[in-house]
Structure formats: structure tokens, C-alpha cells
Amino acid sequence: MIENPDNPFFNLNYEPVLENLGDDYYDQVAAAEFPQQILRFRNNELLPLFGLSSEVVSDNHFIEAFGKLKGVRPFLALRYHGYQFGQYNPLLGDGRGFLYGQIQGTDNHLYDFGTKGSGQTPYSRGGDGRLTLKGGVREVLAAEALHSLGVRTSRCLSLIETGEKLWRSDEQSPARSSVMIRVNRSHIRFGTFERLYYLKRPDLIQKLLDHVIDIYYPEIGKYSDRYSLFYGELVKRVAKLAAQWMAAGFCHGVLNTDNMSITGESFDYGPYAFIPTYNPKFVAAYFDDGGRYSYGNQAFISRSNLEMLHLPLMTVIPLSELEESLAKFDYYYRQFYQELILRRLGFDNFMITEGQNLVEKTLEILQETQISYFGFFKTLSQGFNYGWRENSLTILENITLPPADWQGWCMIYHRILNQLPIEMIKTVENCLQVHNPKISLVKETIETVWEAIAYRDDWQPFYNLIKKLQLKE
Ligand code: AMP
Ligand code: MG
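Residues numbered from 1 in each chain as written. Chains lettered and ligands numbered in written order. Predicted model: local features only at pLDDT ≥ 70, side-chain atom pairs only at ≥ 80, totals over all residues. Heavy atoms only, no water.

> Help me out: how do you make sense of the pattern of salt bridges in this one?
Where side chains of opposite charge bring their charged atoms close, a pairing between them can arise. Summed over all chains, the structure comprises 26 salt bridges. A salt bridge links R237 to E233; the nearest nitrogen and oxygen atoms lie 3.3 Å apart. In this pair, R237 and E233 are both assigned in helix α5 (residues 226-248), 4 residues apart and thus about one turn of the helix distant. Accessibility expressed as a relative area gives 14% for R237, which makes it buried. When its relative accessible area of 25% is taken as the criterion, E233 is described as partly exposed. Ionic pairing is found between K426 and E429, a salt bridge with its closest N-O pair at 3.5 Å. Placement of both K426 and E429 in helix α14 (residues 425-435) is noted, with a separation of 3 residues, approximately one turn of the helix. Of the residues examined, K426 reaches a relative accessible area of 43% and is grouped as partly exposed. One connected set of salt bridges, linked through shared partners, spans R40, E161, R176 and D457. (Salt bridge = Lys/Arg side-chain N within 4 Å of Asp/Glu carboxyl O. Helix = DSSP H or I, 4+ residues; strand = E, 2+ residues; numbered from the N terminus. Buried < 20%, exposed > 50% of the residue type's maximum accessible area, 1.4 Å probe, protein only.)

> How should I be thinking about the pairing of strand β10 (residues 175-184) in this particular structure?
For a regular strand, the rule is simple: side chains alternate between the two faces of the sheet. Of all 10 residues in β10, 9 are buried; the element is thus mostly enclosed. Sheet topology places strand β7 (residues 110-116) next to β10; 5 bridges connect them, and they run antiparallel. Paired with F113 across the bridge in β10 is V183. When strand β8 (residues 131-132) meets β10, the two strands line up antiparallel, connected through 2 bridges. (Pairing = 2+ DSSP bridges.)

> In this structure, what is going on with the site of ligand 1? I would like to understand it.
Among the 15 residues in the neighbourhood of ligand 1, the closest are listed as G93, G95, R125, D128 and G129. In the model, a nitrogen atom of ligand 1 is placed 3.1 Å from a nitrogen or oxygen of the R96 side chain. In this structure, R125 approaches ligand 1 through a side-chain N or O atom, which is 2.8 Å from an oxygen atom. Isolated, ligand 1 exposes 480 Å² of accessible area, and the fraction of that covered by the protein chains is 78%. (Near = heavy atom within 4 Å. Polar contact = N/O pair within 3.5 Å; in protein donor to acceptor, adjacent residues only side chain to side chain. Areas by Shrake-Rupley, 256 points an atom, 1.4 Å probe, with all protein chains shown as cover.)

> How should the pairing of strand β6 (residues 99-104) be read in this particular structure?
Of all 6 residues in β6, 5 are buried; the element is thus mostly enclosed. Pairing of β6 with β7 involves 5 bridges; the strand directions are antiparallel. Residue pairing for β7: G101 is matched across the bridge by F113. Linking β6 back to β7 in an antiparallel pair, the connection comprises 5 residues, with N108 at a positive phi of about 70°.

> I would appreciate a short explanation of the domain arrangement of the chain in the present structure.
Put simply, an interface is often sized by how much accessible area is lost when its parts join up. In terms of domain boundaries, the chain breaks down into domain 1 (19-187), domain 2 (222-337) and domain 3 (345-435). The centre of domain 1, based on its C-alpha atoms, is set 41 Å off from the matching centre of domain 3. (Domains from an automatic or database assignment.)

> Help me out: how do you make sense of unusual backbone geometry in this one?
A negative phi angle is the norm for most residues apart from glycine, just as the trans form is the norm for most peptide bonds. Between S173 and P174 the backbone carries a cis peptide bond, its omega angle lying at 5°. Relative to the elements of secondary structure, P174 occurs in the loop between β9 (155-166) and β10. Not every positive phi belongs to a glycine, and D268 is a case in point at roughly 70°. On the secondary structure map, D268 appears in the loop between β11 (250-251) and β12 (273-274).

> Mind showing me how you'd approach a nonpolar patch on the surface here?
On the surface, Y197, L311, M314 and L319 cluster together into a nonpolar patch covering about 330 Å² of accessible area. Structurally, M314 can be placed in the loop between α7 (310-313) and α8 (319-326). Exposure remark for M314: the relative accessible area of 41% places this residue in the partly exposed category. (Patch = residues over 30% accessible without salt bridge, like charges linked within 9 Å, V, L, I, M, F, W, Y side chains within 5 Å.)

> Teacher, can you tell me more about the packing of aromatic side chains here?
Here the structure, examined in full by the defined rule, presents 42 aromatic pairs. Plain terms: the ring middles of Y272 and F274 are 6.5 Å apart, the flat faces sit at 85° to each other, and that makes the pair edge-to-face. The buried category is assigned to Y272, whose relative accessible area is 3%. Taking the relative accessible area as the measure of exposure, F274 reaches 7% and is therefore buried. Among the aromatic residues, ring-to-ring pairing joins Y278, Y295, F347, Y373, F376, F377, F384, W388, W406, W409 and Y413 into one connected group. Positioned over the ring face of Y272 is R138, at 4.2 Å from the centre of the ring. Across from the ring centre of Y227, 5.2 Å away, lies the NZ or CZ of R226, which sits over that ring. (Phe/Tyr/Trp six-rings, centres within 6.5 Å; stacked < 30°, edge-to-face > 60°. Lys NZ or Arg CZ within 6 Å of the ring centre and 35° of its normal.)

The structure is reproduced here in C-alpha cells:
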């Protein structure tokens with residue numbers, strides 16, 4: 001029952017695109033009813049994508065559309081399986097969320113509105129179907145931080161506190177509850193295909209693949225070898241995503257195949273962390289004892305997940321073609337990663353010849369000294385000046401640095417600056433500014449924001465942080 005027909009969110013043109021594929025892919029579910037709805041976050045930056053502006057959308061509109069979900073209409077809990085820490089789990093699926101609706105953005109791409117914390121479904125496996133407020137706050141922050149760092153990511157449209165008490169082993173309990181609306185291109189996962197293979201339904205795999213290509217890879221739809229081209233493009237997108245995580249200093253934490261999107265986007269932020277220092281062995285999830293999803297393992301794991309996908313895709317695409325495409329992963333990854341790190345160092349990969357050398361030396365020093373990963377790039381971008389091109393001894397000269405071969409690093413940096421024509425130095429300065437944020441989302445930053453909320457119900461530090469992450473300050 002729609003209470004207010006004037007609510008702009010109810011008047012969006014929701015398209016039943018996935019629903020029209022037939023009910024092999026989802027179950028219709030109803031949302032929970034919450035005792036309370038307090039809007040804690042609204043992402044005004046996303047509104048124009050749906051033809052809306054912050055002036056016409058009130059807080060109450062958000063609450064009505066995304067906090068009072070019960071009875072609005074039937075929603076779709078998507079069915080999927082997945083490999084969790086390498087073990088196949090056929091009992092997954094949307095256990096605390098559903099597909100709220102699909103909408104064409106003003107950029108002509110189709111977007112999913114998905115919920116998190118909206119109640120139990122047939123896939124809740126005894127779970128409460130809820131999202132803790134802290135979990136919601138952390139996901140909002142991760143998405144905004146990654147977005148500002150240029151990572152292709154889902155983003156949160158709203159976070160509403162819902163007034164329930166939740167019990168969690170990994171959070172101070174009772175914990176506060178929330179419901180989130182997450183926007184991304186698609187909630188179809190690698191695990192969505194894995195489930196169909198498990199059920200021995202190659203017909204449904206092909207049908208889903210046609211849908212995925214049609215909506216998310218339209219540029220290859222016209223080719224007769226489109227299935228193979230799709231996989232080649234997916235390999236490229238995932239390699240790029242892994243490179244983006246690594247350059248951003250981001251450790252996703254739980255790269256199970258049900259958390260891998262078929263569009264190659266990053267999403268689902270649970271126990272993630274931004275690395276404090278460059279340490280490939282850094283582990284984000286407290287339950288990841290073996291370090292399977294450590295920071296430095298993310299490219300390898302992304303590639304392994306792509307390889308797992310061969311099983312379902314082999315029913316449609318010859319294995320030799322899948323293998324041929326996957327073999328390019330490492331090359332793509334290295335290219336993208338070098339390009340992204342060089343940007344954080346101020347350079348365009350294509351303009352310089354010593355890029356690889358500089359990247360290797362930078363990582364060597366960051367690992368050896370264990371100085372702040374974020375801090376190093378910030379210092380570089382803030383300290384940069386034209387004198388660095390004239391005299392290598394002035395590079396980072398006023399900064400106290402722990403012992404390491406800084407001289408060797410400065411020599412390379414100086415040589416590269418001198419390869420560029422003088423008029424390009426302004427471009428280096430701009431590049432450093434654009435690709436290095438002023439604020440990092442390391443654990444202490446998140447905890448400080450959360451403590452203000454938890455102990456004083458003070459949301460201002462959270463809003464200030466969002467503003468900074470969205471580069472508005
Ligand atoms: P995640 O770790 O968030 O990727 O979730 C893995 C699986 O567990 C998915 O099927 C989720 O829907 C489900 N799940 C996670 N938390 C809950 C919860 N509190 N209640 C029900 N299902 C959940
Ligand atoms: Mg998940």
C-alpha cells in the first residue's frame with residue numbers, strides 16, 4: 001500500500017527487468033515492520049542519477065519509501081550459492097535483503113536498489129535478517145571512500161535506524177538496528193551462476209547470461225561469439241577492480257564468490273579495512289585465520305573466483321576460450337595497478353618511461369619503513385613543488401622519514417620529473433591532488449565516528465567525515 005503518491009521515490013519508473021526473467025531466480029518476499037524509523041543518512045549525491053534533486057526529496061520521503069517497507073509491494077529475494085572461504089555453500093541467497101526495484105538512471109544504465117537489513121527471507125538460515133547500525137554506518141563510509149578514490153562501487157542511498165535490539169557476537173550487544181538501501185548496477189553474483197550449475201540447469205545459465213550481456217555488456221551483444229567476449233570483458237573488469245582496491249589501500253575482507261558481482265563492481269562491505277601501512281599480509285576479517293582474503297592476496301583470489309566461474313560457464317562457452325581469457329588476468333592487473341599507483345605519485349603512465357621502476361621502489365620503501373600508506377601519498381601531494389625538478393635533494397627534504405633508501409627513490413622521482421617538459425609540472429601537481437584524498441578511512445577514523453554515535457548519539461562527526469570523503473571540504 002503506497003501511502004503518499006506524491007513521494008518522488010514512489011513515482012520513479014521501476015522496471016521489472018529481473019522479475020520478467022521468471023521466478024527461477026528469486027522468491028517473492030515481504031519486508032519486516034520496524035518499530036521506529038530515524039533517517040541517519042541520505043545520499044543527495046545519488047539523487048540526480050534518478051532525475052531527482054535534494055530540494056524535492058524530503059527526509060520524510062526517504063523514511064516512507066525506504067524505512068516503511070512492509071506492504072509497499074512484494075520484493076524479490078535473489079537466489080544464489082557461493083564458495084565461502086573455498087567451501088561450496090548451497091544455502092545462501094538474500095538472507096537479510098532483497099531487490100527493492102530496478103530503475104533506469106539518467107545515464108541510461110539500469111540500476112538496482114537493494115535493501116540490507118529488511119527482514120528474514122527463505123535464505124536467512126536462522127539469522128534475524130537485520131543489519132546493525134554500526135554495520136550500516138561502516139558500509140556507507142566504505143562506499144563513499146572507495147567512490148572518491150575512483151573505485152567502481154555500489155553506494156548507499158539511505159540508512160535508517162529502525163529501533164530494534166540486535167544480538168551479535170562481534171559487536172557490543174544489544175546493538176542498534178538499521179535498514180539500508182544500496183544502489184549498484186546489479187546484484188547478480190558469480191554465485192548466482194554457481195547455483196544454476198549446482199542445480200544442473202544449463203538452460204537457465206544461458207538465459208541469465210543473455211540477460212547479463214543484454215543489460216550490462218550491451219556493446220558485445222551483436223557478436224556471434226558474445227559469450228566468450230563477455231567472459232573476456234569480465235576478466236578485464238575484475239582485474240581492474242582488484243587493481244583499484246590495491247591502489248586505494250583497501251582490503252575487502254570477504255571475497256567469497258557470492259560477494260563478486262557479475263558486472264565487475266565492488267560491493268558488500270562487512271569487515272573491510274583500509275590498510276594502515278603497506279603490508280601484503282594485512283588481514284581485515286577477524287575470522288580469516290589463514291589470511292585467505294588478505295590485502296595482498298586480492299588479485300590472486302579475484303582470479304581464482306573467475307576460474308571457479310568456469311564450471312557454470314563451460315556449459316555455454318568452450319573451456320579453451322575461458323582459459324585463454326583468464327590467462328590475460330595477470331597482464332591486465334599489472335597494467336591497471338601500475339597506472340593507478342603512478343597516478344597517486346602524480347604521473348600518467350603513458351607519459352613516462354620509468355614507471356615500473358618508480359612503482360617497485362615506492363612499494364619496497366613503503367613495506368620496509370611501514371610508514372602510513374595514506375600519509376605517504378598525502379605528504380607527497382602536499383609537499384610537491386617545482387623545485388623538486390631542479391634539485392633532487394629538495395624532494396621531501398622537510399619531512400622526517402625513517403631510514404630507507406629515500407635517496408634512491410628521490411633520484412628516480414627526480415629523473416622522471418626531468419623527462420617531462422616544464423609545462424607538464426602543473427599537471428603532475430594536479431594529478432597528485434586529484435588522486436590523493438585528504439582524509440583516510442583507517443580503523444581509528446571509523447571507530448572515533450562510531451563512538452560519538454554509540455556514546456553520545458552525536459552524528460556530526462559522521463556527517464563531517466562523509467563531507468570530507470565526498471571531497472566537499
Ligand atoms: P555476507 O557475509 O553479508 O555476504 O552474507 C553471507 C550470507 O549470509 C548471505 O546469504 C546473507 O544474506 C546472509 N546473512 C548475513 N547476515 C544475516 C542475518 N543477520 N540474517 C540473515 N541472513 C544473513
Ligand atoms: Mg554478501
